[in-house]
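Okay, here's what each chain looks like letter by letter:
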Amino acid sequence: MKRDVLVQCGLLLSVVLLSGCRTDEDRCRTLCEYFDECTTLDVDCNEYKFADCSEDVDDLTDSCHEAFDSVTDCLDENENDCDAVREHCQGEVTELEQCPVFN
């Protein structure tokens, strides 16, 4: 009985966690908004091809994909506020800049 309850709780937790996962396309949108608002790069997020970005992310090495995830998580945690991102996410951004597709 106790085991069944634990299994059901585990399944429920898995569903909740999986439904809250962001796609690479969503992460690309977050990164584009950061570039558009907080850098001097000429980026137009209305015309940006998020599906293409997502495909590029799929081709990244594991370490670069982790760096991409870390940057976009940090951007989200700091609500893409330029000053907060510069203060709290510089290490993550530096790691991502080492990846060929982002430099």
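Residues numbered from 1 in each chain as written. Predicted model: local features only at pLDDT ≥ 70, side-chain atom pairs only at ≥ 80, totals over all residues. Heavy atoms only, no water.

(A) Broad picture of the nonpolar core. In terms of nonpolar packing, the biggest core is built from 23 residues, with Cys-28, Leu-31, Val-57, Phe-68, Val-71, Leu-75 and Leu-96 touching the most fellow members. Mapped by element, the contributors of at least two residues to this core are helix 2 (24–38), helix 3 (50–58), helix 4 (62–77), helix 5 (82–88) and helix 6 (90–97). (Core = buried A, V, L, I, M, F, W, Y, C linked by side-chain atoms within 4.5 Å. Buried < 20%, exposed > 50% of the residue type's maximum accessible area, 1.4 Å probe, protein only. Helix = DSSP H or I, 4+ residues; strand = E, 2+ residues; numbered from the N terminus.)

(B) Region of interest: a negative patch on the surface. Taken together, the side chains of Glu-33, Asp-36, Glu-37, Asp-42, Asp-44 and Glu-47 define an acidic patch exposed on the protein surface. Note that Glu-47 resides in the loop between helix 2 and helix 3. (Patch = residues over 30% accessible without salt bridge, like charges linked within 9 Å, V, L, I, M, F, W, Y side chains within 5 Å. Areas by Shrake-Rupley, 256 points an atom, 1.4 Å probe, with all protein chains shown as cover. Salt bridge = Lys/Arg side-chain N within 4 Å of Asp/Glu carboxyl O. Lys, Arg positive; Asp, Glu negative; His and termini not counted. Charge placed at Lys NZ, Arg CZ, Asp CG, Glu CD.)

(C) Quick look at the side chain of Ser-54. Structurally, Ser-54 is set in helix 3. What Ser-54 contacts, discounting residues up to four positions off in sequence, is Asp-24, Glu-25 and Cys-28. (Contact = heavy atoms within 4.5 Å.)

(D) Region of the structure containing unusual backbone geometry. In the Ramachandran plot, Glu-79 falls in the positive-phi region, its phi being about 50 degrees despite a non-glycine side chain. Overall, Glu-79 belongs to the exposed group, its relative accessible area being 72%. Although it is not a glycine, Asn-80 sits at a positive phi angle of roughly 55 degrees. Tracing the chain through its elements places Asn-80 in the loop between helix 4 and helix 5. For Asn-80, a relative accessible area of 17% corresponds to the buried category.

Read these as geometric descriptors, not functional statements.
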